[in-house]
Amino acid sequence: MFHVLFKSFKTGCLTEKLPPRDESLDQVGEACREEIARLFGKSMAVRMVDAGSCNGCELEMHAVNNGFYDIERFGIHFVASPRHADLLLVTGPVSRHMQAALKRTYDATPSPKVVIAMGDCAACGGEFGVSYASCGAVSNVIPVDAVIRGCPPTPLQLLQGILEVLKAR
Ligand code: SF4
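Description of the structure in this document.

Parameters and conventions
- Residues numbered from 1 in each chain as written.
- Predicted model: local features only at pLDDT ≥ 70, side-chain atom pairs only at ≥ 80, totals over all residues.
- Heavy atoms only, no water.
- Buried < 20%, exposed > 50% of the residue type's maximum accessible area, 1.4 Å probe, protein only.
- Helix = DSSP H or I, 4+ residues; strand = E, 2+ residues; numbered from the N terminus.
- Right-handed = clockwise from strand over helix to strand, strands pointing away.
- Pairing = 2+ DSSP bridges.
- Contact = heavy atoms within 4.5 Å.

## With respect to the pairing of strand β4 (residues 114-118)
Piece 1. In terms of burial, β4 is largely enclosed, as five of its five residues are buried.
Piece 2. Of the two faces of β4, the one lined by Val114, Ile116 and Met118 and the one lined by Val115 and Ala117 are each fully buried.
Piece 3. One crossover worth recording links strand β3 (residues 87-91) to the parallel β4 by way of helix α4 (residues 96-108), and it is right-handed.
Piece 4. Where β4 meets strand β5 (residues 146-148), three bridges bridge the pair, whose relative direction is parallel. Bridging across to β5, Ile116 finds its partner in Ala146.

## Looking at the environment of Phe74
Piece 1. Note on placement: Phe74 falls in the loop between α3 (56-63) and β2 (76-78).
Piece 2. Given a relative accessible area of 1%, Phe74 falls into the buried group.
Piece 3. In this structure the C-alpha to C-alpha distance between Phe74 and Ala63, which are 11 residues apart in sequence, comes to 15 Å.
Piece 4. Setting aside its immediate chain neighbours within four residues, Phe74 contacts Leu25, Asp26, Gly29, Glu30, Arg33, Ile36, Tyr69 and Leu159.

Set out below in structure tokens:
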């Protein structure tokens with residue numbers, strides 16, 4: 001027991017310190033909240049579709065939900081069904097296996113729906129391009145309203161992209 005306590009005392013705290021708060025993210029988030037109030041009422045539901053990504057884009061997308069970024073405070077929340085969604089956020093080049101599923105997800109989303117292609121792969125197919133296994137860009141399969149570039153886009157870039165598409169509505 002003393003051995004464990006001594007070891008903990010000697011090792012100290014290994015948790016990384018939080019970086020300073022990014023005020024630009026809060027500003028963009030607040031602007032999003034105003035646009036969401038104008039368009040949807042109090043909140044906007046997002047359905048995420050991984051159409052064949054390497055998961056890099058998903059990791060950034062998950063990050064926006066963590067306690068640090070916490071985008072639910074701006075009225076943006078993720079849902080499990082396209083039938084409950086206002087916005088589809090699609091990542092990856094569209095693999096041939098996901099082509100029909102993505103089209104069905106798009107058809108199941110109620111109008112007026114917004115579609116954002118997130119990441120370079122979703123924008124143009126990235127290094128995977130179009131092949132026997134890949135349809136390439138998301139716009140090759142369903143209509144896309146906006147593209148957020150980056151490999152992967154950061155949480156701030158993601159929020160900025162969402163803000164731009166909301167403003168254009
Ligand atoms: S854009 Fe980059 S991080 Fe996103 S799916 Fe493509 S390779 Fe992965």
